[in-house]
Amino acid sequence: MQYSGNGDGSDDKGSGTQADPFETFRGDLKHLDKVSSGDIGDLTVILSGDNLMSDSNDINLPTDRGLTSLSIESASGDCKISTSSGDASLNMYANGIPITIGEKVYFDGTLYGGSHARDLILKDGENIDITVKGKSAVIYGGCDSADMTSEGSSAIKNTLTETGNLGYIFGGGYNSNIGTETNPIPVTINLDGGDTGRSSYMRSSSPRIFGGGKVGNAVGTFREYGDVKILTGKKSFAGETNADVVLIFGGGMVSRPDIYHSAASGDVVQEIIGNIDIEVASADFADTRNKNRIDGIRGGGYVYTGISGDDWNRNGGAVSREIGNVHLDINRCVDNSLGFGINGGPYAYGQGHTGEISGDITVDIHKITTGTTYVTCVTGGGETIDGGIINIGGNITVNLHDGAASKRNNARVNGGVKISSGGGEANITGDINVNIGNSCSMQDPELNQSASIIGGAEIENSVNPSKGTVNIGGDVRIKIGDDFACDGITVVNIDNENGEVNISGDISLTASDRMSMKGPFCGAGYVKGKLNVRNVLLDIGNNFHLDGTSSSGYFYGTGQTTGSSEASIKISDGLKITLGNGFSGSWFFSGG
């Protein structure tokens, strides 16, 4: 059924022709009983220009009129659906009905696949299906302040076509529970578009993708049952601008109650019960560093708040918890101009904020053959800032496959976790594994830049260093193939006098033949604080070449302490170094 024309959209003739497409949209979608006395079926609304609605309007698609799908199209050029004030406050609730935003249509508001303040029960085989060929400012696959369940097998599917653009997209809902243990509702987000080269308001604007939902100004536990899969296409985010880079999070966004805007007090927890899989396809466009690109990927969730200073802990805490495994599969450039890069774990920002993953984390970096042929920073287990906490219940594995490269912007391949300025805490129950394939490269071509391996943990310095602590329950293992080139290797990097890393197991590094680096090589770490480990085991093949000048060409078996006299590297059991034939370097220290 298609509506277009110049009428008021309020007749009940069901003729298939309505006069004013704006009134058709405003009237018929809210009051379809005035349009047809029978089943509507598939409905297409054609707009002939901008549609500005009153600020108080929300759009609820009816569930009792036989509406099976809705498509909103433009009769000619780009058009906008918005409020009269243009404040993006317009909400549309699909109530489980499949919806498509046409190629020339911008929905300047928030689109929900589910319902508002009313629980939605999907029948067996019914899916949430949102397709954006044009643009929507914000998309939620789930409900708004309501729960979504299924009587059998259902799924949430959000698709951005090659012509599509967006601002924010959430696989889940807002302050919402999704699925049950018996009938989970998996989420799939297909990102084939994001071309910011489109003009004016049709461009993607600071796009952010979240596999989970959003929880804000609420207390209690919100659960989303079902696997999450995020897929990019060969033309994803390929516009000409560098300003609106996309960030992708496998989990959701959660913030604890804001004491300035909410009376709520207590902890808030968001749980995703299922596995998270993010697959970044190879690109078939000229993906240079001066064009729009994917700038950051986080396998876990984003825990944050705007509260600062003495107010951090006044209203409880916030937790993003992934109960399952996380897998990242990277086949194109991911930059880090905003300081994100590739990160398999969560992002915990601020005191009282915790990011958790109960299972294993695996990050696969493949050889990139089109566009920009490298990634920048890679961190396996997550990042904290300003006192956040990370807990990882399984093992962390980072794989650079044969021929892969990581460079520029002081690139790091860190198998474990990163504690940024302001301190924090990270606890990893299992092992950390960094596997470097044959002929991989980590030598930065830019002056005064370096690219290096950090096997287990990095604790950054800050103006007033806060305490940073990393506890690793298993081993830290680095395995390197033939012909590896890098600027440096530091298994643990503690650039903070109040930083401490405790490794219950061993540090082991095994390298094959013809490894070359500028150095220095720090077998245990570069430490301004404290490092405690059981054994340090180094086994390096033939023709290892440290070609740096001065101290950069140094080999330190245990590593290097610097700064305060309190800095220490304590190896409780022993150090073993095995070097093949043909080693060359400026200096060799079996200790530090």
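See above for the structure.
About the cut-offs
- Residues numbered from 1 in each chain as written.
- Predicted model: local features only at pLDDT ≥ 70, side-chain atom pairs only at ≥ 80, totals over all residues.
- Heavy atoms only, no water.
- Helix = DSSP H or I, 4+ residues; strand = E, 2+ residues; numbered from the N terminus.
- Buried < 20%, exposed > 50% of the residue type's maximum accessible area, 1.4 Å probe, protein only.
- Polar contact = N/O pair within 3.5 Å; in protein donor to acceptor, adjacent residues only side chain to side chain.
- Contact = heavy atoms within 4.5 Å.
- Pairing = 2+ DSSP bridges.
- Core = buried A, V, L, I, M, F, W, Y, C linked by side-chain atoms within 4.5 Å.
- Phe/Tyr/Trp six-rings, centres within 6.5 Å; stacked < 30°, edge-to-face > 60°.

Peer 1: Teacher, can you tell me more about the side chain of glutamate 271 here?
Peer 2: Here glutamate 271 is to be found in strand β23 (residues 268-273). For glutamate 271, a relative accessible area of 8% puts it in the buried group. Here arginine 223 takes part through its side chain, which lies 2.9 Å from a polar atom of the side chain of glutamate 271. Reaching out from glutamate 271, the side chain makes a polar contact with the side chain of arginine 321 at a distance of 2.7 Å. Not counting chain neighbours up to four residues away, the residues in contact with glutamate 271 comprise Thr221, Phe222, Arg223, Glu224, Arg321 and Ile323.

Peer 1: How should I be thinking about the pairing of strand β32 (residues 361-365) in this particular structure?
Peer 2: Two faces make up the sheet, and in a regular strand the side chains alternate between them. With respect to burial, β32 is a largely interior element, four of its five residues being buried. For strand β28 (residues 326-330) and β32, the ladder comprises five bridges, and the chain directions are parallel. Bridge assignment links isoleucine 330 to a residue of β32, and that residue is isoleucine 365. Relative to strand β36 (residues 396-400), β32 runs parallel, the two sharing five bridges.

Peer 1: What is the right way to read the nonpolar core from this model?
Peer 2: Note on soluble globular proteins: their nonpolar side chains tend to be buried together. Counting 114 residues, the largest nonpolar core has Val501 and Phe521 as the members making the most contacts within it. Among the elements that make up this core, the one with the highest residue count is strand β54 (residues 530-540) (five residues). Counting residues in each nonpolar core, the second largest holds 16 residues, with Ala137, Val138, Met253 and Tyr302 among its members.

Peer 1: What am I meant to see in the side chain of asparagine 535 here?
Peer 2: Its place among the elements puts asparagine 535 in strand β54. Under the relative-accessibility criterion, asparagine 535 is labelled buried at 16%. Polar side-chain contacts of asparagine 535 include one of 3.1 Å to the side chain of aspartate 506. Side-chain polar atoms of asparagine 535 contact the backbone nitrogen of glycine 574, separated by 2.9 Å. Contacts of asparagine 535, omitting those with residues within four sequence positions, involve Gly505, Asp506, Ile507, Ile571, Asp573 and Gly574.

Peer 1: Looking at this structure, I do not really get the packing of aromatic side chains. What am I missing?
Peer 2: The way to describe two aromatic rings as a pair is by their centre distance and the angle between their planes. Going through the model one piece at a time under the given rule, you end up with 25 aromatic pairs. Note on phenylalanine 170 and phenylalanine 210: the rings are 4.9 Å apart at their centroids and 10 degrees apart in plane angle, and the pair reads as stacked. A residue pair is termed long-range when its members are at least 10 positions apart, and phenylalanine 170 in strand β15 (residues 165-170) and phenylalanine 210 in strand β17 (residues 208-210) qualify at 40 residues. Residue phenylalanine 210 is classed as buried on the basis of its relative accessible area, which comes to 1%. Joined through ring pairs, the aromatic side chains of Tyr93, Tyr112, Tyr140, Tyr168, Phe170, Tyr174, Phe210, Phe249, Tyr302, Tyr304, Phe340 and Tyr347 make up one cluster.

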